[in-house]
Amino acid sequence: MPELPEVEALAQDLRGRLDGRAIVAVHLAAFSALKTFDPPVSALQGTLVDDVTRHGKFLDVHASGLHLVFHLARAGWVRWKDAVPALPPRPSQKSPLAVRIVLDDDTGLDVTEAGTKKSLAMYLVRDPQDVPGIASLGPDPLGEDFTPAVLDAILDREGRKQIKGVLRHQGTIAGIGNAYSDEILHAARMSPYAPASGLSPDARAVLYDAIRTTLGDAVDRSRGLAASELKGEKKSNLAVHGRTGQPCPVCGDVVREVSFADSSLQYCPTCQTGGKPLADRRMSRLLK
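Residues numbered from 1 in each chain as written. Predicted model: local features only at pLDDT ≥ 70, side-chain atom pairs only at ≥ 80, totals over all residues. Heavy atoms only, no water.

Enquirer: How should the pattern of salt bridges be read in this particular structure?
Expert: Should the charged atoms of two oppositely charged side chains come close, the side chains can pair. Under the counting rule described, the total for this entry stands at 18 salt bridges. Its salt-bridge partner being glutamate 3, residue lysine 234 comes within 3.9 Å of it at the nearest N-O pair. Residue lysine 234 is found in helix 7 (residues 227-236), and its partner glutamate 3 is found in the segment before helix 1 (4-18); the two are separated by 231 residues along the sequence. One salt bridge in this structure joins aspartate 182 and lysine 164, with 2.6 Å as the shortest N-O distance. Taken together, the residues span a long stretch of sequence, with aspartate 182 in helix 5 (residues 178-187) and lysine 164 in helix 4 (residues 163-168) at a distance of 18 residues. Lysine 164 matches aspartate 182 in its accessibility class, with the two residues each being buried. Counted as one network, the salt bridges with shared partners bring together Glu3, Glu6 and Lys234. (Salt bridge = Lys/Arg side-chain N within 4 Å of Asp/Glu carboxyl O. Helix = DSSP H or I, 4+ residues; strand = E, 2+ residues; numbered from the N terminus. Buried < 20%, exposed > 50% of the residue type's maximum accessible area, 1.4 Å probe, protein only.)

Now the structure itself:
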């Protein structure tokens, strides 16, 4: 799933490619992706792209006062096209293509979504705050207003909730998903099950630094990369997420996993849980 660093890098890459270009057409290949009806998609025809920005994990293309906003969900991505096919795409459940944007120089971009579960969303609005998911976002963890005091207030407010879930909840902190919450907690040497409000002042300071450093470093590594290079960059620099059974790059212990109904977390027992493996109730039931 694209998270804050990848969406920020996509915004930077597309900003350079789209700035000043006119949108000739927007073709919907997956009608279920469109979540708004006013203004109509046809209102984008002839608009000029002014900027491309990010709100949490939402990508925002600014065009002559309108905002074309994408949430890439779990399996969405943006693919640049040096030459767009002359014929509009045909809607097809077998194709990953959801949306095609055609520019005035015959270049463009395809917004795709892999797999059969379709969750990618597109909104055309006059104000990004008209997108419910953006309006409800928590503070951006790389923003200047995300201070240690802000994190303290969040942790106190969330009470005994597990810190992994607190980091992932978009209404609490914007842009962190499953992968980077694993990476942040590994960098902070903290159990994903640690209760938020129970963290000591020292642990809170370490967590704040891990959030800013882990995300900031990922954005810095991605800066200047094309969209086609971002997935490989992310995967090659993860310490624990997606690395079950491999050695921890810090201590050499085996990275372990806890499975849930539709996701999983990875962690290092030595670095994060005092050497004790966390209970994986789902796997325990399967083994009985």
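Enquirer: Explain the sheet that holds strand 2 (residues 49-55) here, please?
Expert: Two orientations exist for strands paired in a sheet by backbone hydrogen bonds: parallel and antiparallel. Here we have four strands laid out as an open sheet, ordered 2-3-4-8, and antiparallel in their pairing. The open sheet is flanked by strand 2 and strand 8 (121-125), the only strands paired with a single partner. Neighbour-to-neighbour, the strand axes of this sheet turn through a mean angle of 15 degrees, independent of strand direction. As judged from the six bridges shared by strand 2 and strand 3 (residues 58-63), these two strands associate in the antiparallel manner. Of the residues in strand 3, the one forming a bridge with threonine 53 is aspartate 60. (Pairing = 2+ DSSP bridges. Axes fitted to C-alpha atoms, helices over the stretch in contact; angles between N-to-C directions.)

Enquirer: Looking at this structure, how should I read the nonpolar core?
Expert: Across soluble globular proteins, you tend to see nonpolar side chains buried next to one another. Counting 34 residues, the largest nonpolar core has Leu59, Phe70, Val99 and Ile101 as the members making the most contacts within it. If sequence neighbours within four positions are ignored, isoleucine 101 has contacts with Ile23, Ala25, Val26, Leu68, Phe70, Thr107, Gly108 and Leu109. Counting 26 residues, the second largest nonpolar core, distinct from the first, contains Phe146, Leu167, Ile211 and Val219. (Core = buried A, V, L, I, M, F, W, Y, C linked by side-chain atoms within 4.5 Å. Contact = heavy atoms within 4.5 Å.)

Enquirer: Help me out: how do you make sense of the side chain of threonine 47 in this one?
Expert: Here threonine 47 lies in the loop between strand 1 (23-28) and strand 2. Residue classification places threonine 47 among the buried positions, given a relative accessible area of 8%. From its side chain, threonine 47 meets the backbone oxygen of leucine 44 in a polar contact 2.6 Å long. (Polar contact = N/O pair within 3.5 Å; in protein donor to acceptor, adjacent residues only side chain to side chain.)

Enquirer: Would you mind going over the pairing of strand 6 (residues 97-103) with me for this structure?
Expert: Two faces belong to every sheet, and in a regular strand the side chains alternate between them. Buried residues dominate strand 6, accounting for seven of its seven residues. Pairing geometry for strand 1 and strand 6, over five bridges, is antiparallel. In the strand pairing of strand 6, leucine 28 is matched with valine 99. Of the pairings in the sheet, the one linking strand 6 to strand 7 (residues 108-113) comprises five bridges and is antiparallel in character. Bridge pairing in strand 7 links leucine 97 to threonine 112. Hairpin connection between strand 6 and strand 7: a loop of four residues separates the two successive antiparallel strands, and aspartate 106 in this loop has a positive phi of roughly 70 degrees.

Enquirer: What should I look at first to understand the packing of aromatic side chains in this one?
Expert: Given two aromatic rings, their pairing is described by the distance between the two centres and the angle made by the two planes. Scanning all chains against the criterion turns up one aromatic pair. Ring geometry for phenylalanine 146 versus tyrosine 208: centroids 5.8 Å apart, planes at 15 degrees, classification stacked. Residue phenylalanine 146 is found in the loop between helix 2 (132-135) and helix 3 (148-158), and its partner tyrosine 208 is found in helix 6 (residues 201-222); the two are separated by 62 residues along the sequence. For the residue pair phenylalanine 146 and tyrosine 208, the accessibility class agrees, reading buried in each case. (Phe/Tyr/Trp six-rings, centres within 6.5 Å; stacked < 30°, edge-to-face > 60°.)

Enquirer: Teacher, can you tell me more about helix 6 here?
Expert: Since the α-helix advances by 3.6 residues per turn, residues separated by three or four positions end up pointing in the same direction. Between its terminal C-alpha atoms helix 6 stretches 32 Å, which fits the 32 Å expected from 22 residues at 1.5 Å a residue. Those residues of helix 6 not exposed but buried are Ala203, Arg204, Leu207, Tyr208, Ala210, Ile211, Thr214, Leu215, Gly216, Ala218, Val219 and Ser222. Elements in contact with the buried residues of helix 6: helix 1, helix 3, helix 4, helix 5 and helix 7. Glycine 224, located one to two residues past helix 6, shows a positive phi value of around 90 degrees. (Expected span 1.5 Å × (residues − 1).)

Enquirer: Looking at this structure, I do not really get the sheet that holds strand 6. What am I missing?
Expert: Strands sit in the order 1-6-7-5 across an open sheet of four strands; the sheet is antiparallel. Both outer strands of the open sheet, strand 1 and strand 5 (76-81), are each paired with one neighbouring strand and no more. Pairwise comparison of adjacent strand axes, ignoring direction, gives a mean angle of 15 degrees for this sheet. Sheet topology note: the strand 5/strand 7 ladder contains six bridges and is antiparallel. For lysine 81, the partnering residue across the bridge sits in strand 7 and is glycine 108. Of the strands in this sheet, strand 5, strand 6 and strand 7 are in contact with helix 1, which crosses strand 5 at around 25 degrees.

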